[in-house]
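# Observations on the model geometry
Below, each chain spelled out in residue letters.
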Amino acid sequence: MNTTKTRKICFYTLLISLLFLALAFSIAEVNSNQVQRNRDISVSAINSEESEYSSGSLQLSQDMNVWYASINHSTHVVFFTYYSKVYNSPIVTFLGQHYTTANNTEVFIGNTMLLMEAYNDTNDDGVPEADLGEIKYFFLVNSSETFDATPVQKTIIENVSHYVWGIEYGWVDGFFPFARVNITRLSLTYDYYVKGNISYIKTGFKIGKIADFEPFFVQNVSLNELGLSLLYGTAIFTTNPYTVRVNGKSYDSRTAQASVTSTNQTEVVIESEKIYEFIFQENYTLYRDSAAENHTSKTVASPTGSIPPNSLEHLSWCLRLFSEDVFPKMDFKLPAIDLAYANSSLIYRVCYPRWDGLSIEHDPTYVAYLVPVTTGEPGSSGVPPPTGPSLEMIVTVAVALAGTVALTLALVELRRTRRMLTINPLITSSY
Amino acid sequence: MAPPEITDEERILSDLRGSTLLVYWYLLKKRQNSCGVREVQRALGFSSPSSACYQLEKLRELGVVSKDPSGDYQISKVVKTDVINAFVFLGGHVFPKHLIYASATTIMILAFVAWFTHTLSPIMVAALLPGILADVIFWYETLKVWRHKPSRVA
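Residues numbered from 1 in each chain as written. Chains lettered and ligands numbered in written order. Predicted model: local features only at pLDDT ≥ 70, side-chain atom pairs only at ≥ 80, totals over all residues.

### A word on helix α3 (residues 37-44) of chain B
Residues and elements named next belong to chain B. If you check which residues of α3 are buried, you get Val37, Val40, Gln41 and Leu44. Burial along α3 is one-sided: seen end-on, the buried residues are contained in an arc of 100°. The exposed set on the far side of α3, more than 90 degrees from its buried face, consists of Arg38 and Arg42. The inward-facing, buried residues of α3 abut α2 (18-30) and α4 (49-62). (Buried ≥ 20, exposed ≤ 12 C-beta atoms within 10 Å, placed from the backbone. Helix = DSSP H or I, 4+ residues; strand = E, 2+ residues; numbered from the N terminus. Arc of directions from axis to C-beta. Contact = placed C-beta atoms within 7 Å.)

Here it is in structure tokens:
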């Protein structure tokens, strides 16, 4: 075959490939715009199966609504929180994720912040120990004057789809047992993305400083030198028996004896295979008079008994949306979930040893493994990979190039075979 | 002006067709093993041993087949014609060369889809399209060439 013909074939191959790519981008863009138009519309139920992502409001009663964000991309993530247009909005949020692993195990993991605690770190280990009396006060964040939600927005960064949303409460009132307080703001942001077979929910937690402090009875109360800990409860359901592992050892908050178990590694495993991981970035930022200070945060797994008994009332909030309407893809029936920490197999505290009632920013990450990995495997940590071309992108480009070369070869061979069969028919009829 | 002289290679390529090609094809499959006239006649469906003998002798005259003292014939030179190049001869079996390309492309596509099944995006599907198109062409070529594979004298 002469050079001119080969050049023509290569040219047409590249042209066809470019046309296919343009077509695919157009379809993706149209799809994205369609979903964008659908988002942030009040609906009566979360149409979680119909759209890639959506956010909006559900009316629970005349006075109370739920704002939700739902993403269907490899896994199903739902975040929701109560708000009211009539009264101050209550501070109750929930983040849940449902997915099926490659070995057909259905997994549902949700978590919610149960309580804030102020602690005096007397033994200087950075964490609150209930048995040493270090937890000075628990802090009920009650409601906020303003509530703003940022609907889910999809952006593509380095060929990875990021779904970002958030909420912000302004002028939050709360109660210590001895005082009424106001916090300038409390905001939660979320960035959900999938790389390879691992999904990440990177959260951003920002709490403003305590702006107003009104002691009821005791006057000599100060938050100086106190640390802040955020108490989280989790709801974990899997179709196969799971184990929570803290630092490689089985852990259950309902039966744990130690008042705190410092954790560097918290994961959910099924038969030695990791399906979920909690990654708490070590550093947090404390803002003191606008100056940012970096400090090291700590995380501890805690037994149920370490929670202040007087705080139980707060947990009576029942997240009524938990039903098949929220996670319709679930095959198994969830038991009634009220997130009472007595039923939680993993209660953990994220601790900020330096607080002093000031503003804090922190960004833990929740990692789901769609293909379970053997614990302890090299590279099995869900720490987000360093920036740069992802494996997914490299493989996609390689496949596109290999496909283009194969297509060029196929077209050349197509012509060659046709010519060969015309000139020299293989089957003979002579003799 | 005198016509250009035909080289041995050109003469072989022009004569290696029809039943002659079919016999040569059969010997290529046998490769290391020699075979006799009657075996060729029976295997390829020639009406008589003399027909098979004629083709074998023709191949011997072309210098691509040798005859041993026992009267059996064996490949002495492999000629790469377009037809022969379209096939791969392996351990007494023959299959179209396109089968290798088609299989490799299919494996690449399936592996890619299996690995990224949870995260398949429109861009990834677009990246697969040239490969899928090539795969379809390769399989089509494989079937077409296979159906025209020399087998028996019609």
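### Notes on α4 of chain B
An α-helical turn contains 3.6 residues, so any two residues separated by three or four positions project in the same direction. Residues and elements named next belong to chain B. Under the 1.5 Å per step criterion, the end-to-end length of α4 is 20 Å for 14 residues, consistent within 8% with the ideal 20 Å. For α4, the full list of buried residues reads Ala52, Gln55, Leu56 and Leu59. For α4, the angular spread of the buried residues around the axis is 100°, confining them to a single face. Looking at α4, the residues exposed on the side facing more than 90 degrees away from the buried face are Ser50 and Glu61. Buried residues along α4 sit in contact with α2, α3, β1 (65-67) and β2 (73-75). Glycine 63 sits one or two residues past α4 and shows a positive phi near 85°. (Expected span 1.5 Å × (residues − 1).)

### Focus on the packing of α3 of chain B against α4 of chain B
Residues and elements named next belong to chain B. Across the interface, α3 lies against α4 with an axial gap of 8 Å and an inter-helix angle of 105°. Here α3 lies roughly perpendicular to α4, going by the angle between them. Touching Val37, Arg38, Val40 and Gln41 of α3 are Pro49, Ala52, Cys53 and Leu56, all from α4. For the contact of α3 with α4, the residue count by class is 6 nonpolar, 1 polar and 1 charged. (Axes fitted to C-alpha atoms, helices over the stretch in contact; angles between N-to-C directions. Parallel < 35°, antiparallel > 145°, perpendicular 65-115°, else oblique. Nonpolar A, V, L, I, M, F, W, Y, C, P; charged D, E, K, R; others polar.)

### A look at the environment of serine 306 of chain A
Residues and elements named next belong to chain A. Note on placement: serine 306 falls in the loop between β20 (298-302) and β21 (347-352). The class of serine 306 is buried, set by 22 C-beta atoms lying within 10 Å. Taking C-alpha positions, serine 306 is 8.0 Å from glutamate 129, a pair spaced 177 residues apart along the chain.

### A word on the pairing of β21 of chain A
Residues and elements named next belong to chain A. In terms of burial, β21 is largely enclosed, as 6 of its 6 residues are buried. Burial of the side chains of β21 extends over both faces: Ile347, Arg349 and Cys351 are buried on one face and Tyr348, Val350 and Tyr352 on the other. Bridging between strand β12 (residues 227-238) and β21 involves 6 bridges; their strand directions are antiparallel. Within the sheet, the bridge partner assigned to serine 229 lies in β21 and is cysteine 351. Direction of pairing for β20 relative to β21: antiparallel, over a ladder of 5 bridges. Its bridge partner being in β21, alanine 301 is matched across the sheet by tyrosine 348. (Pairing = 2+ DSSP bridges.)

### A look at the nonpolar core
In this structure, Phe79, Tyr276, Val367 and Tyr369 of chain A are the most contacted members of the largest nonpolar core, which totals 85 residues. No other element matches strand β6 (residues 106-119) of chain A, which puts 8 residues into this core. Formed by 21 residues, the second largest nonpolar core is a distinct cluster that contains Leu21, Trp25, Leu56 and Phe87 of chain B. (Core = buried A, V, L, I, M, F, W, Y, C linked by C-beta atoms within 7 Å.)

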